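Chains, contacts and geometry: an overview
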Amino acid sequence: MKTLDKIPTSKIQRASKLVTTGAKVGVNYLKYYGDKLTRSETEAKDRLNKNNAEDIYDSLKQLKGSALKVAQMLSMEKSILPQAYVEKFSLAQFSVPPLSAPLVQKTFKKYFGKSPNEIYDTFNLNSVNAASIGQVHYAELDSRKLAVKIQYPGVADSISTDLAMVKPIAIKMFNIKGKDSDKYFNEVENKLIEETNYLLEIKQSKAMVTACKHIPNLRFPRYYKELSSERIITMDWMVGEHLSEFTARNTNQEQADKIGQALWDFYMYQMHVLRKVHADPHPGNFLISKEAELIALDFGCIKEVPNSFYVPYFELAKPEVINNPVLFSQKMHELEILKEDDTKEETEFFSALFYEMLSLFTKPFHEETFDFSDPVFFNQIAELGEKYSKSAELRKMNGNRGSKHFIYINRTFFGLYNLMFDLKSKDIKINNYLSL
């Protein structure tokens, strides 16, 4: 894979890159209008989406940082984006161009004050994994095999300006209106800033490992604070297969169930006991060991769940609440989905929309065991997302709905459901975490 000798770090450089990309997108639309003369609307639109996804992703992977992180987040929203975008943006999870060896040396010296060979016995300047915020290198010290994560230059300093450039696109895509829209962008910005603070990540990682190490079939690396800094993390080198690679080849149902139960228990224990979750559940953050154990990595994005959100959120998972109009309305107001100044039309529309969504999404919580390999359940989710993405009525409404905490909690559950479906896990004990 081609390496990068530099990353645009200034506001002007990064904006210029996006302007160039915008021009390419404009050309793609001209091609689209021409295609409509000779092809069907579906064929023309598919080609437009494919060309746009490719040009936008090629730009973001050179910018790296929060711009690429947003693409990674969007790749998990399979019911919102066209498939061409999902496929292209999903590459941001663990397949982007790495920094060149000279830039690694320069970056390491800047962040640590020393070159790699002054700290480790051996250090491979070629990365083994490059993602949105940093890349990982293999190293050894005192017979220990280590993974060293280095943050890309300028990432932490460009978060605010990157999000300001992405904001108009997100507002249009998610139909966000109103004066309160900033609360959602501030939530994303604050979490991204936290993700660039590797000293905080070390602290969060150690706390999560201590709290969850008792969960069966779940493993974590050790983290070395003395070999880390605000922009560099050193941890154990974990041997395993990326979860997506495992799911692509696995035919062993027993292993799928074993790993799926470990993954489900891990998230339910975090959510219900710790009240904080690993809010970045994409395949690149999990490995599968030879013993079919789940290895959890990267605790930079931890979302705390306040009681004021947790209680009404999970109350709505109960049939006796969701099917009681008075209680349902009360919880909807507590979660800021319904507002006191809503019109009758808005109240009826969003009540019906969320009733339909919640009745479907909370199905696993109504059972003692659940089959996450069931394609019917996931097809229903996809169809529901497609239905509302095309809703002319929804586009007229103010999409600025719900507590800011929905952003990362919904992301967590969508990601978890997708991973469970990819694993094809069956007979998962939903409340198994209570007995751990």
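Please refer to the structure higher up on the page.
Let me sum up the structure you'll find in this document. (Residues numbered from 1 in each chain as written. Predicted model: local features only at pLDDT ≥ 70, side-chain atom pairs only at ≥ 80, totals over all residues. Heavy atoms only, no water.)

Turning our attention to the overall build of the chain. Secondary structure summary: the chain contains 17 helices and 13 strands in total. Going through the 436 residues of the chain one by one, you find that 52% of them count as buried. Restricting to contacts in the chain with at least 6 residues of sequence separation, those with at least 24 account for 72%. For the chain, the accessible area works out to roughly 20,500 Å², and carbon and sulfur atoms hold 52% of it. (Helix = DSSP H or I, 4+ residues; strand = E, 2+ residues; numbered from the N terminus. Buried < 20%, exposed > 50% of the residue type's maximum accessible area, 1.4 Å probe, protein only. Contact = heavy atoms within 4.5 Å. Areas by Shrake-Rupley, 256 points an atom, 1.4 Å probe, with all protein chains shown as cover.)

We now examine unusual backbone geometry. Its identity as a non-glycine residue notwithstanding, Arg 275 has a phi of 60°, on the positive side. Looking at the element boundaries, Arg 275 is found in the loop between α10 (253–274) and β8 (276–278). For Arg 275, a relative accessible area of 27% gives the class partly exposed.

For the rest of this paragraph, the subject is helix α5 (residues 101–112). Across its 12 residues, α5 extends 16 Å between first and last C-alpha, which sits within 8% of the 16 Å expected from 1.5 Å per residue. Regarding α5, the residues found buried are Leu 103, Val 104, Thr 107, Phe 108 and Tyr 111. Across the axial projection of α5, the buried residues extend over an arc of 135°, all falling on one side. Relative to its buried face, α5 has exposed residues pointing more than 90 degrees away, namely Pro 102, Lys 106 and Lys 110. Close packing links the buried residues of α5 with β1 (122–123), β3 (134–141), β4 (144–151) and β6 (232–236). (Expected span 1.5 Å × (residues − 1). Arc of directions from axis to C-beta.)

Turning next to the pairing of β4. Counting buried positions along β4 yields six of eight residues, so the element is predominantly enclosed. Note: β3 against β4, eight bridges, orientation antiparallel. The residue bridging Leu 141 from the neighbouring strand is Arg 144, located in β4. (Pairing = 2+ DSSP bridges.)

This part is about the nonpolar core. Counting 98 residues, the largest nonpolar core has Tyr 120 and Phe 266 as its most contacted members. With near-sequence residues (within four places) excluded, Phe 266 lies in contact with Met 208, Cys 212, Ile 215, Leu 218, Phe 220, Phe 286, Ala 296 and Phe 299. (Core = buried A, V, L, I, M, F, W, Y, C linked by side-chain atoms within 4.5 Å.)

With that settled, consider the pairing of β6. Along a regular strand, successive side chains alternate from one face of the sheet to the other. Among the five residues in β6, five count as buried, and that is most of the element. Here five bridges tie β4 to β6, and the two strands are oriented antiparallel to one another. Bridge pairing in β6 links Lys 149 to Ile 233.

Judged by pairing direction, the sheet is mixed, and its four strands sit side by side in the order β5-β10-β9-β7 without closing on themselves. The sheet terminates laterally at β5 (218–219) and β7 (241–242), the two strands that pair on one side only. As paired elements, strand β9 (residues 286–288) and strand β10 (residues 294–296) share three bridges and run antiparallel to each other. Within β10, the residue paired with Leu 287 across the bridge is Ile 295.

Here we take up the pattern of salt bridges. Counting across every chain of the model gives 15 salt bridges. Between Arg 144 and Asp 142 there is a salt bridge, with the nearest N and O atoms lying 4.0 Å from each other. A residue is classified by how much of its surface remains accessible, and Asp 142, at 56% relative accessible area, is exposed. We note a salt bridge from Glu 293 to Arg 219, for which the minimum N-O separation is 3.6 Å. One end of the pair, Glu 293, is in the loop between β9 and β10; the other, Arg 219, is in strand β5, and 74 residues separate them in sequence. (Salt bridge = Lys/Arg side-chain N within 4 Å of Asp/Glu carboxyl O.)

Once that is clear, we can look at the environment of Phe 185. Along the chain, Phe 185 turns up in helix α7 (residues 182–195). The spacing of Phe 185 and Lys 404 is 219 residues in sequence and 8.9 Å in space, taken between C-alpha atoms.

Using the criterion set out here, one finds 31 aromatic pairs in the structure. Measuring from centroid to centroid gives 5.7 Å for Phe 108 and Phe 112, while their planes differ by 20°, and the two rings are stacked. Taken together, the residues Phe 108 and Phe 112, both in helix α5 and four residues apart, mark about one turn of the helix. Look at Phe 112 and you get partly exposed, because its relative accessible area is 22%. The aromatic ring of Tyr 198 is capped on one face by Lys 149, whose charged end is 5.0 Å from the ring centroid. In this structure, Lys 424 is placed above the aromatic ring of Phe 421, and the distance from its NZ or CZ to the ring centre is 3.9 Å. (Phe/Tyr/Trp six-rings, centres within 6.5 Å; stacked < 30°, edge-to-face > 60°. Lys NZ or Arg CZ within 6 Å of the ring centre and 35° of its normal.)

Before going further, it helps to examine the environment of Phe 112. Along the backbone, Phe 112 and Ser 229 are 117 residues apart, and their C-alpha atoms lie at a distance of 6.7 Å. Setting aside anything within four residues of it in sequence, one finds Phe 112 in contact with Ile 119, Glu 226, Leu 227, Ser 228, Ser 229 and Ile 232.

This brings us to the side chain of His 272. Turning to its location among the elements, His 272 is positioned in helix α10. Within the structure, the side chain of His 272 is placed 2.7 Å from the side chain of Tyr 310, a separation counted as a polar contact. (Polar contact = N/O pair within 3.5 Å; in protein donor to acceptor, adjacent residues only side chain to side chain.)

A turn of α-helix holds 3.6 residues, and therefore any two residues three or four places apart point the same way. For helix α8 (residues 198–212), built from 15 residues, the straight-helix expectation of 21 Å at 1.5 Å per residue is met to within 8% by its first-to-last C-alpha distance of 21 Å. Every buried residue belonging to α8 is among Tyr 198, Glu 201, Ile 202, Gln 204, Ser 205, Met 208, Val 209 and Cys 212, and all of these are buried.

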